[in-house]
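# Architecture and fold: a report
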Amino acid sequence: GPGGACKTTIADLLSCHPRFVRHLSITTRPPRLGARLSEYRHVTVDEFADLESRGALIDIHHVKDGPSYGMSEPPIAADGVVTLAITSAEGIARLRTHLADRWHILVVLIDALDAVIDARLIGRGDGPSDIERRRRSRDAERRSRRIADLIVGNAPAEQCAQEIMTLLNVAASS
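Each value, and the rule that gives it
- Residues numbered from 1 in each chain as written.
- Predicted model: local features only at pLDDT ≥ 70, side-chain atom pairs only at ≥ 80, totals over all residues.
- Heavy atoms only, no water.
- Axes fitted to C-alpha atoms, helices over the stretch in contact; angles between N-to-C directions.
- Helix = DSSP H or I, 4+ residues; strand = E, 2+ residues; numbered from the N terminus.
- Parallel < 35°, antiparallel > 145°, perpendicular 65-115°, else oblique.
- Left-handed = near helix turned anticlockwise from the far one by under 90°.
- Contact = heavy atoms within 4.5 Å.
- Nonpolar A, V, L, I, M, F, W, Y, C, P; charged D, E, K, R; others polar.
- Buried < 20%, exposed > 50% of the residue type's maximum accessible area, 1.4 Å probe, protein only.
- Arc of directions from axis to C-beta.

## Some details on the packing of helix α1 (residues 7-15) against helix α6 (residues 157-167)
- Between α1 and α6, the shortest axis-to-axis distance is 9 Å and the interhelical angle comes to 55°. Taken together, the axis directions place α1 and α6 in an arrangement best described as oblique. Here α1 runs over α6; the crossing is right-handed. Contact residues: Thr-9, Ile-10, Leu-13 and Leu-14 in α1; Ala-157, Glu-158, Cys-160, Ala-161, Ile-164 and Met-165 in α6.
- A class-by-class count of the residues in the contact of α1 with α6 yields eight nonpolar, one polar and one charged.

Right, dumping it as structure tokens:
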């Protein structure tokens, strides 16, 4: 879903449950002020370039005049454990290409109203140019609805997490 739609918050809520484990994306972006360590694995530009040149990343996205983002192949989780990965609509297609023979990929699009997303972006300290760039990318992310298995949003993060757990038949108290 679009930046600011609460993807990380929902993934954090789910990963508190023993049936879920997070797989972190890698970025050259410096951590945001007050950011949780669970959001990304932060690396230098040289470290990212090394991972990319060695073929260690299955999903790579370079933002024009901005940071790079990537994802390594997630390790195989124990039976019954769901690996959570946050990526873009473009990243989903690449993950499906690389992992379809080994993984079942459930795509959850997390969305929210534009005014809610803008307030979250401002609240987390995104600057005007970042907010404008994210506004431009929202339409593309929203067009990805056709590849989503489930769409959640426009609700508190806790409710969205519960909706995902219900779909996967995971008891909240497990």
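The discussion continues.
## Points about unusual backbone geometry
- For Cys-6, which is not glycine, the phi torsion reads 90° and is therefore positive.
- Structurally, the position occupied by Cys-6 is in the segment before α1.
- We note that Asp-65 has phi near 55°; this positive angle belongs to a residue other than glycine.
- Assessed through its relative accessible area of 81%, Asp-65 is described here as exposed.

## Comments concerning the environment of Ser-88
- Mapped onto the fold, Ser-88 is located in the loop between β6 (82-85) and α3 (89-99).
- Note on Ser-88: relative accessible area 22%, which makes it partly exposed.
- For the pair Ser-88 and Leu-109, spaced 21 residues apart in sequence, the C-alpha to C-alpha distance is 9.5 Å.

## Details of helix α4 (residues 114-123)
- Listed as buried for α4 are Ile-117, Asp-118 and Leu-121. Projected down its long axis, α4 carries its buried residues within an arc of 100°, all on one side. Exposed side of α4, more than 90 degrees from the buried face: Ala-115 and Gly-123 are the residues found there.
- Buried positions along α4 lie against β7 (108-111) and α5 (128-143).
- The positive-phi residue at the C-terminal boundary of α4 is Gly-125, with phi of around 95°.

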